[in-house]
Amino acid sequence: MTASDPVLLAIDQGTSSSRAIAFTLAGEAIASDQQAFKQIYPQSGWVEHDAEVIWATTLSTARNTVSACRAKGRAIAAIGLTNQRETTVVWDRRTGAPIHNAIVWQDRRTADVCRALTEAGHEAEVIEKTGLRLDPYFSATKLAWILDHVAGARQAAAAGHLLAGTIDTFLIWRLTGGARHVTDATNASRTALYDMRHGRWDAGLCALFNVPMAMLPEVLDCAADFGTTEPGLLGEALPIRGVAGDQQAATIGQAVFQPGDVKSTYGTGAFLIQNTGTELVRSSNRLLSTIAYQLDGQVTYGLEGSILSAGSTIQWLRDGLGLFSKSSEVEALAASVTDTGGVYLVPAFTGLGAPWWDPDARGSLVGLSRASGRAEIARAGLDSAVYQTRDLLDAMAADGIACGRLKVDGGMADNALFLQRLSDVLDVEVVRPVLTETTAFGAACLAGLGSGLFQSLDDIAALWKPSVTCHPKMDTAARTRDLSGWKSAVEATRAFRPI
Ligand SMILES: Nc1ncnc2c1ncn2[C@@H]1O[C@H](COP(=O)(O)OP(=O)(O)O)[C@@H](O)[C@H]1O
Ligand SMILES: O=P(O)(O)OC[C@H](O)CO
């Protein structure tokens, strides 16, 4: 490896920020930029992003990172793109302009539609074909909502003027100057319109959700030719050779390549994916089946547990309650007490994901006494991501799948107190790798595979190295007590229905 070797540019468009990171083939980050952007909350349970802001922050961070590489004399071989999943954009192909804000994965506005479809008996078909559930989390009902609520959209779609996609598809359309309308199999597998058993958009699901199939992009492998950037955008034409949804990219970056390997990424939400190999495995305990990655036409499947609020709970403690001014400060505040004093925070701000799938639940803070203060509440916020992960591992265990070791990453994984608590409550070894930007790194790796710089997944596995390992230290009685409190808190939260 020399200083003149090419580098891979990862574009990571997340829920809270857009970032770009350039990696050497040895996995060293040599340049990066990150820009946070505004979350738009029009009503309770609704979450939107301005797609133009997503584009602007993506382009600007990519440009700045490309410039930094040039200043170091490093050429970029290819781009890998990864994105917040399910978030849906509809735009006019004639102008490239979105016709509505992007509806974000956390958004619950289509809960009634999902409930009606469930009551009409359609959930079994959705689960069978897609591995998902009838929940507003997924793209299908968001896409139909935009078509139904923007004046003239249905007619424009029928005339062939509108295109739809997840964030990867929208960004690739813009990056290639409208030349490519494509996605990868992992992003497609999160729409509830894609039959992952056969690897194609499904006419029956498109009819069920009232989505014109002609608006949907072409689906490619994760390492493939996704087009070339317009030369004016990044100063040169660069090939896009890798794409995956952010959780699947983290699966690659964490080298979760053997059946049984598990990773959990703690960003805005938290998402645990266990590699289940080339056979589609189904959960009897409300975990999702999903495509972990697709390479050379071969699908590797995963079981996924989706936590809707993890880092966003910390953001709420910071911005909503004003308990601290930077997310990282939660650690010192939470560590200033030895426990929460019986306080539990159930962060159902936008409902609860796996294994509850309860879009109508709203958050609660229970067990308060006059001794409860800022530190107890901050600690309860951190604990909520721990307990939600435990619920997922319990669901996996009920499916007969054990988790021996949990690989972790994402913004919250910087928090040592959180990692130890995770290990204690899960009663498993928790490992954080040296390279914590695993999502971006996974996207870069896919670009490496797509451009022939990496030969196989073995080249990627060789780059994964552990940094922090936590072992369980908690005694069983304390764990049982804490978990029983959490169970009661979730039950109380779900029993309460907001007016
Ligand atoms: N030290 C920390 N302790 C707990 N949470 C943190 C810490 N640092 C960052 N976070 C949370 O992690 C999230 C950012 O993680 P990131 O992986 O960048 O998210 P995303 O990919 O969703 O944009 C934010 O919600 C932030 O509140
Ligand atoms: O932005 P993150 O990292 O919380 O990830 C969002 C997920 O892809 C939503 O499914």
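Scoring rules and cut-offs
Residues numbered from 1 in each chain as written. Chains lettered and ligands numbered in written order. Predicted model: local features only at pLDDT ≥ 70, side-chain atom pairs only at ≥ 80, totals over all residues. Helix = DSSP H or I, 4+ residues; strand = E, 2+ residues; numbered from the N terminus. Core = buried A, V, L, I, M, F, W, Y, C linked by C-beta atoms within 7 Å. Buried ≥ 20, exposed ≤ 12 C-beta atoms within 10 Å, placed from the backbone. Domains from an automatic or database assignment. Contact = placed C-beta atoms within 7 Å. Near = placed C-beta within 6 Å. Nonpolar A, V, L, I, M, F, W, Y, C, P; charged D, E, K, R; others polar. Pairing = 2+ DSSP bridges. Axes fitted to C-alpha atoms, helices over the stretch in contact; angles between N-to-C directions.

Peer 1: Please clarify how unusual backbone geometry should be interpreted in this entry.
Peer 2: Most peptide bonds take the trans form, and the phi angle of most residues other than glycine is negative. Omega for the peptide link from Ala354 to Pro355 comes to -5 degrees, which places this bond in the cis form. Mapped onto the secondary structure, Pro355 falls in the loop between β18 (344-346) and β19 (364-366). Although it is not a glycine, Arg286 sits at a positive phi angle of roughly 65 degrees. For Arg286, the position within the fold is in the loop between β15 (270-277) and β16 (288-295). Backbone geometry places Asp296, a non-glycine residue, at a positive phi of 50 degrees. Structurally, Asp296 is set in the loop between β16 and β17 (298-307).

Peer 1: How should the nonpolar core be read in this particular structure?
Peer 2: Side chains of a nonpolar character, in soluble globular proteins, are inclined to be buried together. Residues Leu9, Ala10 and Leu446 are the most contacted members of the largest nonpolar core, which totals 147 residues. Considering every element that reaches this core, the biggest residue donor is helix α13 (residues 374-398), with 11 residues. Counting the residues that make up this core, at least three belong to each of domain 1 (7-245) and domain 2 (255-433 + 465-499). Beyond its immediate sequence surroundings of up to four residues, Ala10 is in contact with Ala20, Ile21, Phe23, Gly80, Thr82, Ala440, Phe441, Ala443 and Ala444.

Peer 1: What exactly am I supposed to notice about the site of ligand 1 here?
Peer 2: Lining the immediate surroundings of ligand 1 are 19 residues, of which Gly14, Gly267, Thr268, Gly311 and Gly411 lie closest. Broken down by secondary-structure element, the contributors of at least two residues to the shell around ligand 1 are α11 (311-320) and α12 (330-335). Considering every element that reaches the shell around ligand 1, the biggest residue donor is α11, with four residues. Each residue belonging to the shell around ligand 1 can be placed in one class, and the counts come to three nonpolar, 14 polar and two charged. Looking at which domains feed residues into the shell around ligand 1, each of domain 1 (7-245) and domain 2 (255-433 + 465-499) supplies at least three.

Peer 1: What is the right way to read the sheet that holds strand β1 (residues 7-13) from this model?
Peer 2: Consider a sheet: its strands pair through backbone hydrogen bonds, and that pairing is either parallel or antiparallel. The five strands are arranged β3-β2-β1-β5-β13 in an open sheet whose pairing can be described as mixed. Among the strands making up the open sheet, the edge pair consists of β3 (29-36) and β13 (240-245). Ignoring strand direction, the axes of neighbouring strands in this sheet form an average angle of 15 degrees. Where strand β5 (residues 76-83) and β13 come together, five bridges link them in parallel fashion. Within β13, the residue paired with Thr82 across the bridge is Ala244. Its contacts with the sheet place helix α1 (residues 51-71) against β1, β2 (17-23), β3 and β5, and it is angled at close to 155 degrees to β3.

Geometry only, nothing functional implied.
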